[in-house]
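Structure at a glance
Listed below are the residues making up each chain.
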Amino acid sequence: GAVVSQHPSRVICKSGTSVKIECRSLDFQATTMFWYRQFPKKSLMLMATSNEGSKATYEQGVEKDKFLINHASLTLSTLTVTSAHPEDSSFYICSAKPARTSENNEQFFGPGTRLTVL
Amino acid sequence: QKEVEQDPGPLSVPEGAIVSLNCTYSNSAFQYFMWYRQYSRKGPELLMYTYSSGNKEDGRFTAQVDKSSKYISLFIRDSQPSDSATYLCALHGSSNTGKLIFGQGTTLQVKP
């Protein structure tokens, strides 16, 4: 149980286009999902917290108009990178926190999406 | 000063060795301490979590937390080549936001 999927796993796009990444919790409901960005040999950097039915909370320095987040249901959150540029190339990872109460705030991570902007 | 410090390595050990991975942190509000394993080009998977100070053992893995020193460790006994991965510590406080603060990750290579 507790599987999180991401789609696509890899995407290559031209500069100026928009890219949508989906994060799904397959066997549990997630009221909260998190979007991270990871550069090579670097740690995960939290970009935003996505709550079902409400606006996402963005971390300092993350452009909300650049990275659009929609958490339309308890099992799906999407991240859209708008007008992508080469500096947006990165590994994007989502995680999902189950709706059930958990003292350790357990999160389950997706496999990540490799975005390359040419 | 970063909230969480972790030596990125790489750390290379022979098969069967005992591995010690560590993180230090600065915020005494952290109460939940986790270790994640991340294989190349994959998402992190939770290995262990510990609440407050103490030890926790799970098979070949032992997690230790010393809140007085703000120091956490993950020990791997009888290391295997399949343990080769990046290990990230992650911490969060008592709030229910779920926000995790990650260390940089230590790359481990276990040579057969």
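Here is a short report on the structure shown in this document. (Residues numbered from 1 in each chain as written. Chains lettered and ligands numbered in written order. Predicted model: local features only at pLDDT ≥ 70, side-chain atom pairs only at ≥ 80, totals over all residues. Heavy atoms only, no water.)

1. Looking at the overall build of chain B
If you tally the helices and strands in chain B, you get zero helices and eleven strands. The N-to-C order of helical and strand elements in chain B reads β-β-β-β-β-β-β-β-β-β-β. Seen through its C-alpha atoms, chain B measures out along the principal axes to roughly 40 × 30 × 25 Å. Within chain B, the fraction of its 112 residues that count as buried is 42%. Across chain B, contacts joining residues at least 24 apart in sequence account for 54% of those joining residues at least 6 apart. Element-wise, carbon and sulfur atoms account for 46% of the exposed surface of chain B, whose accessible area totals about 5400 Å². (Helix = DSSP H or I, 4+ residues; strand = E, 2+ residues; numbered from the N terminus. Buried < 20%, exposed > 50% of the residue type's maximum accessible area, 1.4 Å probe, protein only. Contact = heavy atoms within 4.5 Å. Areas by Shrake-Rupley, 256 points an atom, 1.4 Å probe, with all protein chains shown as cover.)

2. Points about the interface of chain A and chain B
Often, the extent of an interface is quoted as the loss of accessible area on bringing the components together. Counting from both sides, the interface comprises 23 residues of chain A and, opposite them, 21 residues of chain B. Between chain A and chain B lies a buried interface of about 1800 Å² when both sides are counted; carbon and sulfur atoms form 48% of it. At the boundary of chain A and chain B, one finds one salt bridge. Note that Glu-59 of chain A and Lys-99 of chain B form a salt bridge whose closest N and O atoms lie 3.2 Å from each other. Linking chain A with chain B are four residue pairs in polar contact (both at pLDDT 80 or more), by the criterion used here. Those elements giving two or more residues to the side of chain A that touches chain B turn out to be strand 4 (30-38), strand 5 (44-51) and strand 9 (90-98) of chain A. Along the lines of polarity and charge, the residues of the side of chain A that touches chain B split into eight nonpolar, seven polar and eight charged. (Buried area = accessible area lost by both parts, 1.4 Å probe. Salt bridge = Lys/Arg side-chain N within 4 Å of Asp/Glu carboxyl O. Polar contact = N/O pair within 3.5 Å; in protein donor to acceptor, adjacent residues only side chain to side chain. Nonpolar A, V, L, I, M, F, W, Y, C, P; charged D, E, K, R; others polar.)

3. Overview of the sheet that holds strand 3 (residues 19-25) of chain A
Note on sheets: strands pair through backbone hydrogen bonds, and any given pair is parallel or antiparallel. All names here are of chain A. Spatially, 1-3-8-7 is the arrangement adopted by the four strands of the open sheet, whose pairing is antiparallel. Since the sheet does not close on itself, it has two edges, and those belong to strand 1 (4-7) and strand 7 (67-73), each with one partner. Mean inter-strand twist for the sheet, computed between neighbouring axes without regard to direction, equals 15°. Pairing geometry for strand 7 and strand 8 (residues 76-81), over five bridges, is antiparallel. Paired with Leu-68 across the two strands is Thr-80, which belongs to strand 8. (Pairing = 2+ DSSP bridges. Axes fitted to C-alpha atoms, helices over the stretch in contact; angles between N-to-C directions.)

4. Topic: the nonpolar core
Of all hydrophobic cores here, the largest spans 26 residues; its most connected members are Phe-67 and Leu-115 of chain A. Not counting residues within four places of it along the chain, the set of residues in contact with Phe-67 of chain A comprises Arg-37, Met-47, Tyr-58, Val-62, Leu-79, Thr-80, Val-81, Asp-88 and Tyr-92 of chain A. One finds Val-4, Ala-17, Phe-33 and Ala-63 of chain B within the second-largest nonpolar core, a separate group that totals 24 residues. (Core = buried A, V, L, I, M, F, W, Y, C linked by side-chain atoms within 4.5 Å.)

5. Some points on the state of the cysteines
Taken as a whole and judged by the stated rule, the model has two disulfides over all chains. Paired by a disulfide, Cys-23 of chain A and Cys-94 of chain A hold their sulfur atoms 2.0 Å apart. Across the S-S bond of Cys-23 of chain A and Cys-94 of chain A the torsion is about 80°, and the bridge reads as right-handed. Separated by 71 residues along the polypeptide, Cys-23 of chain A in strand 3 and Cys-94 of chain A in strand 9 bring together distant segments of the chain. On the accessibility criterion, Cys-23 of chain A (0% relative accessible area) is buried. The residue that forms a disulfide with Cys-23 of chain B is Cys-89 of chain B, at a sulfur-sulfur distance of 2.0 Å. With the S-S bond torsion at -100°, the cross-link from Cys-23 of chain B to Cys-89 of chain B turns out left-handed. Here Cys-23 of chain B, found in strand 3 (residues 19-25), pairs with Cys-89 of chain B, found in strand 9 (residues 85-92); they are 66 residues apart in sequence, far enough to count as distant. Residue classification places Cys-89 of chain B among the buried positions, given a relative accessible area of 0%. (Disulfide = S-S within 2.5 Å.)

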